[in-house]
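Here is how the chains run, residue by residue.
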Amino acid sequence: MKLTIASLILAATSVFAAPSGVKRDSSIQISDFRATSGASMHFVVTDSNYPDDTPTDCNLIWQYGESPNKNARCNNSQYYIRFPNGPIDLNRFTLELERVSGDVPEKGQVLLSSNANGEAPGTKWNCHKNEAGILFCSYDGVLEMQV
Ligand SMILES: *[C@@H]1O[C@H](CO)[C@@H](O)[C@H](O)[C@H]1NC(C)=O
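Here we summarise the structure given alongside this text. (Residues numbered from 1 in each chain as written. Predicted model: local features only at pLDDT ≥ 70, side-chain atom pairs only at ≥ 80, totals over all residues. Heavy atoms only, no water.)

1. Digging into the pairing of strand E8 (residues 135–139)
Strand residues, when the strand is regular, have side chains that alternate between the two faces of the sheet. As a reminder of what qualifies: Burial classes follow relative accessibility: with a 1.4 Å probe on protein chains only, a residue under 20% of its type's maximum area counts as buried, one over 50% as exposed, and anything between as partly exposed. Every helix listed is a DSSP run of H or I at least four residues long, and every strand listed is a run of E at least two residues long, numbered separately from the N terminus. In this analysis, strands are considered paired if DSSP registers two or more bridges between them.
The alternating pattern of E8 places Leu135, Cys137 and Tyr139 on a buried face, while none of Phe136 and Ser138, on the opposite face, is buried. One ladder, built from three bridges, connects strand E1 (residues 27–36) with E8; its direction is antiparallel. For Thr36, the partnering residue across the bridge sits in E8 and is Phe136. Linkage of strand E7 (residues 125–129) to E8, two consecutive antiparallel strands, is achieved through a turn of five residues, within which Gly133 is found at a positive phi near 85°.

Take a look at the structure:
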């Protein structure tokens, strides 16, 4: 009898054991992406590896010309928002996102260029300055970030 129970528990354990190859998508989607040298930034992260806590809103407020708080995250608290190359010019900067926790580690970077220097003709990152000299930028469509 004891043996039977033991083998039943063993069998149950193997059924619930984690599969060896975790299914994983290699990109996340960034939508509704806009920013100003005001300095605020907004976007929405959608991540099919984490359907339970995304889409999530991401709102960054920082001092233009400085780096954001090291602990800056999206609203679900699961994505760090970073400028890996230091303080940014919204016309050309790299955005980094890193998943804080979960079974699928994710970290990615993407370069946003408004073509102010001619390097990115046809770019979807568009910037214009208003009369007060404040830059407004937005991304036309959905940006894929490899993670
Ligand atoms: C995300 O957080 C910001 C700042 O707390 C808040 O203003 C905004 O409404 C939140 N967005 C959502 C969708 O909850």
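2. Section: the sheet that holds strand E5 (residues 92–99)
Rules: Every axis corresponds to a line fitted to the C-alpha atoms, with the helix fit spanning only the stretch in contact, and the corresponding angles, defined between N-to-C directions, vary from 0 to 180 degrees.
The strand order across the open sheet formed by three strands is E4-E5-E6, and the pairing between neighbours is antiparallel. Every other strand in the sheet has two partners, leaving strand E4 (79–82) and strand E6 (107–113) as the edge strands with one partner each. The average angle at which neighbouring strand axes cross in this sheet is 20°, direction not considered. With seven bridges joining them, E5 and E6 adopt antiparallel strand pairing. Within E6, the position partnered with Glu98 by the bridge is Lys107.

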